[in-house]
Amino acid sequence: MSHAPQPDLETPAWTFLTHHARVLLEIARDPEVRLRQIAGGIGITERRVQTIVNDLHEAGYLSRERIGRHNRYHLNLDRPFRHHPAEASMPVRCLIDAFTDRDRTAGPPPGTGSRTETEPR
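The present account deals with the structure reproduced in this document. (Residues numbered from 1 in each chain as written. Predicted model: local features only at pLDDT ≥ 70, side-chain atom pairs only at ≥ 80, totals over all residues. Heavy atoms only, no water.)

### Here's the deal with the pattern of salt bridges
Phase 1 of the analysis: All chains considered together, the criterion is met by 4 salt bridges.
Phase 2 of the analysis: The salt bridge involving Arg-36 is made with Glu-46; its shortest N-O contact spans 3.5 Å. Of the two residues, Arg-36 sits in helix α2 (residues 35-42) while Glu-46 sits in helix α3 (residues 46-58), which places them 10 residues apart along the sequence.
Phase 3 of the analysis: The shortest N-O distance in the salt bridge between Asp-78 and Arg-93 comes to 3.1 Å. Of this pair, Asp-78 sits in the loop between β2 (70-75) and α4 (93-106) while Arg-93 sits in helix α4; the two residues are 15 residues apart in sequence, bridging distant segments of the chain. (Salt bridge = Lys/Arg side-chain N within 4 Å of Asp/Glu carboxyl O. Helix = DSSP H or I, 4+ residues; strand = E, 2+ residues; numbered from the N terminus.)

### Describing the packing of aromatic side chains
Phase 1 of the analysis: Taken as a whole and judged by the stated rule, the model has 1 aromatic pair.
Phase 2 of the analysis: Aromatic side chains Trp-14 and Phe-16 sit 4.9 Å apart centroid to centroid with 75 degrees between the ring planes, which places their arrangement in the edge-to-face category.
Phase 3 of the analysis: The exposure class assigned to Trp-14 is exposed, which follows from its relative accessible area of 58%.
Phase 4 of the analysis: We classify Phe-16 as exposed; its relative accessible area is 76%.
Phase 5 of the analysis: Directly above the ring of Tyr-61 sits Arg-79, whose terminal nitrogen or CZ lies 5.2 Å from the centroid. (Phe/Tyr/Trp six-rings, centres within 6.5 Å; stacked < 30°, edge-to-face > 60°. Buried < 20%, exposed > 50% of the residue type's maximum accessible area, 1.4 Å probe, protein only. Lys NZ or Arg CZ within 6 Å of the ring centre and 35° of its normal.)

### Some details on the side chain of Arg-72
Phase 1 of the analysis: Within the secondary structure layout, Arg-72 lies in strand β2.
Phase 2 of the analysis: The class of Arg-72 is buried, set by a relative accessible area of 16%.
Phase 3 of the analysis: A polar contact of 3.0 Å, which involves the side chain of Arg-72, links it to the side chain of Glu-32. (Polar contact = N/O pair within 3.5 Å; in protein donor to acceptor, adjacent residues only side chain to side chain.)

Have a look at this one:
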C-alpha cells in the first residue's frame, strides 16, 4: 500500500503566476507558438491571449514579426518587472530563466518540441 501524496485533482482557486506571466513563458519556450496553442495550454480563451500579447507588446516585453500566416515573437528580457518596488529592479529574464532552465533539465513532455529564443530585439 502506497502512502505517496496524491495530486490535487481540483482546479486551484488561485495561482502564483498571472496569465501574463504564463503567456510570456509559453512564448519564451516557442517563439512561433500560435495563440490557440497558448490558450489551450494555460486554460484561457484565444481572445484573452490576444489581449495579453497586445499588453506585453505595448509595454515593450515583446515584439512581433510576421512570417507568412503566423507571428514570430522576440522577447525583451531586460525589461524590469512591473509596478511593485520589490521586483522593479529585476529583469523578466529571471522569471524566464527559472522556468526554461527547469524545462531543459526535465525535458519537454513526450511528443512536444521545446525551443527557446530569448534574444532582445
